[in-house]
Amino acid sequence: MRFSEEFAAALYQVLKDDLPKEEIQQLIEKPKHAEHGDLAFPCFSLAKIQRMAPQSIAEQLSRAVQSPLFEKVEAAGGYVNAFLDKKYVTKLVLEEVMAKKEQYGTLHIGKGEVIAIDMSSPNIAKPFSMGHLRSTVIGQSLALLLAKGGYRPVKINHLGDWGTQFGKLIAAYKKWGDEQKVKEQPIKELLALYVKFHDEAERNPELEAQGRQWFKRLEDGDQEAVVLWEWFREESLKDFSRIYQLLNIEFDSYAGEAFYNDKMDRIVRRLEEKGLLTESEQAQVVLLAEEELPPCLIKKSDGATLYATRDLAAAFYRKETYHFAKSLYVVGGEQRLHFKQLTSVLRRMGESWADDLIHIPFGMMRKDGKKMSTRKGQVVLLEEVLQESIALAKKNIELKNPGLANKEEVARQVGVGAIVFNDLKNYRLNNIDFSLEDILRFEGETGPYVQYTHARACSILRKAGFHAEEKRTIVLSGEKEWEAVSLMMSFPEAIEKAINDFDPSRIAKHTIQLAQAFNKYYAEVKVLEEDEQQLSRLAFVSAVAQLLKEGLALLGIEAPDEM
Ligand code: ARG
């Protein structure tokens, strides 16, 4: 709550002997109803200490609080209610937004701490799923928010690039593969090979054995196997990187599961030394009965390591390499158990940082009430969904603004932005309904709506020949602007909350509200009228545009100046 510090300071002047400043600060609330002012201080706990009626304390305090920030301070129902002076606060806030520019809302809560973010992490030779998209956009927004908060995010794409399935894939490729086809459409082709392998294996069990042999050869470093595996990985990455390009996302590391091949022995030895490994059905496991969790599988009977073993090695590697303060895993809710086991095993190993691993789960994307699948027969490749959205956005632009200069680029920004916004406006644990038509609407709570509002604000400024660089004094009553100004005021707070709860939807909601407040304002006020407030109004419009852009930017969405 902006200005609550000043309110606390004013109260503290009177309450010095009764309450420490921090406690006063903590007690201050934001009233639900406007008639109770902008800030409120409840006097009930104080009443107990002083053995007085809360309302009489409130009355005393309200007379004593003095600050130019408040136009009125009154006592009601045991609260001290403070009303901000709209004119003065509007001036302060707008001047601050204009002076700080992109730095407005920047926080220093992170103190440069490193936060590792495991995000996206699709599986090689398999389609990039909706779940992977959710992980990618949530992870990206968290990285942007954390950076804004003064942390140092490290984005890690933990590619699923190892496992017995690669033995099968090599076997299938050797039998039926076509190099040219794989090069043309890697994921489609590799997936087809994998599916064919399974179909054929039902009739011909011999195939499974071949798959196992190839995987063994791969693990032993056999030239032919390794070359093929590397090639599959490379071709798959080409497919994935087209999606990352559309989304405008880069990673700090692509160290996937295979990266840990030579880093697991050490971990397994450590588990042994600590006496944590137990043999169970010929496999090595860590029993986690005390935590009421199923055993964590570390090594199979044939010596093969598992998903969890790799994640253990990855956790150590990240700790030792990045010295993270927190290590986030943006992975769907289905893997809850896995991450609980991971933390539990680390705790048993005596690692003090075990609880710094945080699973950030999310719900699923649904279409027509069913989980949206990008698998098997009906391979809806995600890239096709993105391209379809871009094409629809382009159609919209052709209709609304046929003369627009860089249509292709704007269509990408709008089409992709729509999908990202639809994802991030929902609290991440909720399931989301996916309807391209709805998310591309220019009205309602959509990405295009916010982008369009931003472009409209920009066009007003262009028309007026406004330059944000010029210094100007704000002379607005603040009445009509108040809703938007209050939102500007609470922007830094929204960022802090989004960071603390790992919840980008706070920023999405805040940004929609700002767009709505501005559109309401624009319908009521003649912004361009040439009177003594014109420049102040334009400064207000420019501040709105800036924060809409910044809000979208924190979600990983671009904001064209014209659309
Ligand atoms: N590749 C996995 C999957 O698609 C996700 C990996 C998540 N990250 C991790 N460190 N386990 O399900």
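Residues numbered from 1 in each chain as written. Predicted model: local features only at pLDDT ≥ 70, side-chain atom pairs only at ≥ 80, totals over all residues. Heavy atoms only, no water.

S.K.: Looking at this structure, how should I read the side chain of His 132?
M.R.: In this fold, His 132 is placed in helix H6 (residues 130–148). Excluding residues within four positions of it along the chain, His 132 makes contact with Ser 120, Ser 121, Pro 122, Asn 123 and Pro 127. (Helix = DSSP H or I, 4+ residues; strand = E, 2+ residues; numbered from the N terminus. Contact = heavy atoms within 4.5 Å.)

S.K.: I tried to follow the UniProt feature "domain: Arginyl tRNA synthetase N-terminal" (unreviewed entry) in the protein on my own but got confused; where do I start?
M.R.: According to UniProt, the positions carrying the feature "domain: Arginyl tRNA synthetase N-terminal" (unreviewed entry) are residues 5–84. In residues 5–84, helix accounts for 45% and strand for 21%; the two terminal C-alpha atoms are 13 Å from one another. (UniProt positions renumbered as here; feature names shortened; annotations may be inferred.)

S.K.: How do you make sense of the site of the ligand when you look at a structure like this?
M.R.: In the vicinity of the ligand, the contacting residues are Asp 118, Ser 121, Asn 123, His 132, His 158, Tyr 307, Asp 311, Tyr 329, Val 331, Gln 335 and Phe 339. In the model, a nitrogen atom of the ligand is placed 2.7 Å from a nitrogen or oxygen of the Asn 123 side chain. Within the complex, the protein chains bury 88% of what would otherwise be the 350 Å² of accessible surface of the ligand. Split by residue class, the shell around the ligand holds 4 nonpolar, 5 polar and 2 charged. (Near = heavy atom within 4 Å. Polar contact = N/O pair within 3.5 Å; in protein donor to acceptor, adjacent residues only side chain to side chain. Areas by Shrake-Rupley, 256 points an atom, 1.4 Å probe, with all protein chains shown as cover. Nonpolar A, V, L, I, M, F, W, Y, C, P; charged D, E, K, R; others polar.)

S.K.: Quick question: what am I supposed to make of helix H5 (residues 86–100) here?
M.R.: Side chains three or four residues apart in an α-helix point the same way, a direct result of the helix having 3.6 residues per turn. Taking 1.5 Å of rise per residue, 15 residues should cover 21 Å, and H5 covers 21 Å from first to last C-alpha, within 8% of that figure. On its buried side, H5 packs onto strand E3 (79–84), helix H19 (482–500) and helix H21 (534–554). N-capping of H5 is provided by Asp 85, with a side-chain oxygen placed 3.1 Å from the backbone N of Lys 87. Once H5 finishes, Lys 101 follows within two positions and takes phi at roughly 50°, a positive value. (Expected span 1.5 Å × (residues − 1).)

S.K.: Would you explain the pairing of strand E10 (residues 357–360) in this entry?
M.R.: When a strand is regular, its side chains alternate between the sheet's two faces. Across the two faces of E10 the burial is the same, with Leu 357 and His 359 and Ile 358 and Ile 360 all buried. The pairing of strand E9 (residues 326–330) with E10 spans 4 bridges and is parallel. Looking at E10, one finds that Leu 328 is bridged to Ile 358. Handedness of the E9-helix H14 (residues 336–348)-E10 crossover: right-handed. (Buried < 20%, exposed > 50% of the residue type's maximum accessible area, 1.4 Å probe, protein only. Pairing = 2+ DSSP bridges. Right-handed = clockwise from strand over helix to strand, strands pointing away.)

S.K.: Just to check I follow, could you spell out the packing of helix H7 (residues 165–176) against helix H11 (residues 223–247) for this structure?
M.R.: Axis angle and axis distance: for two packed helices, these are the angle between their axes and the distance between the axes, and together they describe the pair. Between H7 and H11, the shortest axis-to-axis distance is 10 Å and the interhelical angle comes to 95°. Of the possible angle classes, the one that applies to H7 and H11 is roughly perpendicular. Contacts between H7 and H11 involve Phe 166, Leu 169, Ile 170, Tyr 173 and Lys 174 from the former and Glu 224, Ala 225, Leu 228, Trp 229, Trp 231 and Phe 232 from the latter. Grouping the constituent residues of the contact of H7 with H11 by class yields 9 nonpolar, no polar and 2 charged. (Axes fitted to C-alpha atoms, helices over the stretch in contact; angles between N-to-C directions. Parallel < 35°, antiparallel > 145°, perpendicular 65-115°, else oblique.)

S.K.: Looking at this model, I keep getting lost on the packing of helix H9 (residues 186–203) against helix H10 (residues 206–219). Mind explaining?
M.R.: Where H9 meets H10, the closest approach of the two axes is 7 Å, and the angle between their N-to-C directions is 130°. Compared by their axis directions, H9 and H10 come out oblique. Between H9 and H10, the residues in contact are Phe 197, Glu 200 and Ala 201 and Leu 207, Glu 208 and Gly 211, respectively. Across the contact of H9 with H10, the residue classes tally to 3 nonpolar, 1 polar and 2 charged.

S.K.: Teacher, can you tell me more about the sheet that holds strand E11 (residues 365–367) here?
M.R.: Sheet strands pair by backbone hydrogen bonding; their relative direction is either parallel or antiparallel. Reading across the sheet, the 3 strands line up as E12-E11-E13 and stay open at both edges, with mixed pairing between neighbours. Looking at strand neighbours, the two that pair on one side only are strand E12 (370–371) and strand E13 (432–433), the edges of this open sheet. Where E11 and E13 come together, 2 bridges link them in parallel fashion. Within the sheet, the bridge partner assigned to Met 365 lies in E13 and is Ile 432.

S.K.: How do you make sense of the sheet that holds strand E7 (residues 283–286) when you look at a structure like this?
M.R.: Read from one edge to the other, the open sheet built from 3 strands follows the order E6-E7-E8, with strand pairing classed as antiparallel. With partners counted over all chains shown, the strands left at the sheet margins are strand E6 (277–280) and strand E8 (296–299), one partner each. Looking at each pair of strands side by side, their axes are set apart by 45° on average, direction ignored. Where E7 and E8 come together, 3 bridges link them in antiparallel fashion. Looking at the pairing, Gln 284 lines up with Lys 299 of E8.

S.K.: Teacher, can you tell me more about the pattern of salt bridges here?
M.R.: Side-chain pairs of opposite charge can arise where the charged atoms are in close proximity. Taken as a whole and judged by the stated rule, the model has 33 salt bridges. The salt bridge partner of Lys 100 is Glu 96, with a shortest N-O separation of 2.8 Å. A residue pair is termed a helical-turn pair when its members lie 3 or 4 positions apart in one helix, as Lys 100 and Glu 96 do in helix H5 at 4 residues. What makes Lys 100 partly exposed here is its relative accessible area of 41%. Of the residues examined, Glu 96 reaches a relative accessible area of 18% and is grouped as buried. Among the ionic pairs, Asp 423 bridges to Arg 134, the shortest N-O distance being 2.9 Å. In this pair, Asp 423 is assigned in helix H16 (residues 407–424) and Arg 134 in helix H6, connecting sequence segments 289 residues apart. By relative accessible area, which is 1% here, Asp 423 ends up buried. Looking at Arg 134, the relative accessible area reads 1%, which means it is buried. Overlapping salt bridges bring together Lys 174, Arg 217, Asp 222 and Glu 224 as one network. (Salt bridge = Lys/Arg side-chain N within 4 Å of Asp/Glu carboxyl O.)

S.K.: Honestly, the pairing of E6 in this entry has me stumped. Any pointers?
M.R.: As paired strands, E6 and E7 are joined by 4 bridges and run antiparallel to one another. Looking at the pairing, Glu 279 lines up with Gln 284 of E7. Hairpin connection of E6 to E7: 2 residues between the antiparallel strands, including Glu 281 at a positive phi of 45°.

S.K.: Can you walk me through the environment of Glu 234 in this structure?
M.R.: Counting through the fold element by element, Glu 234 comes out in helix H11. Taking the relative accessible area as the measure of exposure, Glu 234 reaches 46% and is therefore partly exposed. Taking the C-alpha atoms as reference points, Glu 234 and Ile 124, 110 residues apart in sequence, are found 8.9 Å from one another.

S.K.: Sorry if this is basic, but what is going on with the packing of aromatic side chains here?
M.R.: One pair of aromatic rings is described through two measures. These are the centre distance and the angle between the planes. Enumeration over the complete set of coordinates arrives at 22 aromatic pairs. Relative to Phe 70, the ring of Phe 7 lies with its centre 5.4 Å away and its plane at 70°, an arrangement referred to as edge-to-face. In this pair, Phe 7 is assigned in helix H1 (residues 4–15) and Phe 70 in strand E2 (residues 70–76), connecting sequence segments 63 residues apart. Given the relative accessible area of 9%, Phe 70 is considered buried. The structure contains a cluster of three or more aromatic residues connected by ring pairs, namely Phe 128, Phe 240, Tyr 244, Phe 251 and Tyr 254. Its guanidinium or amino end placed over the ring of Phe 83, Lys 72 lies 4.3 Å from that ring's centre, counting from NZ or CZ. Geometry around Phe 324 places Lys 319 over its ring, the cationic atom sitting 4.8 Å from the centre. (Phe/Tyr/Trp six-rings, centres within 6.5 Å; stacked < 30°, edge-to-face > 60°. Lys NZ or Arg CZ within 6 Å of the ring centre and 35° of its normal.)

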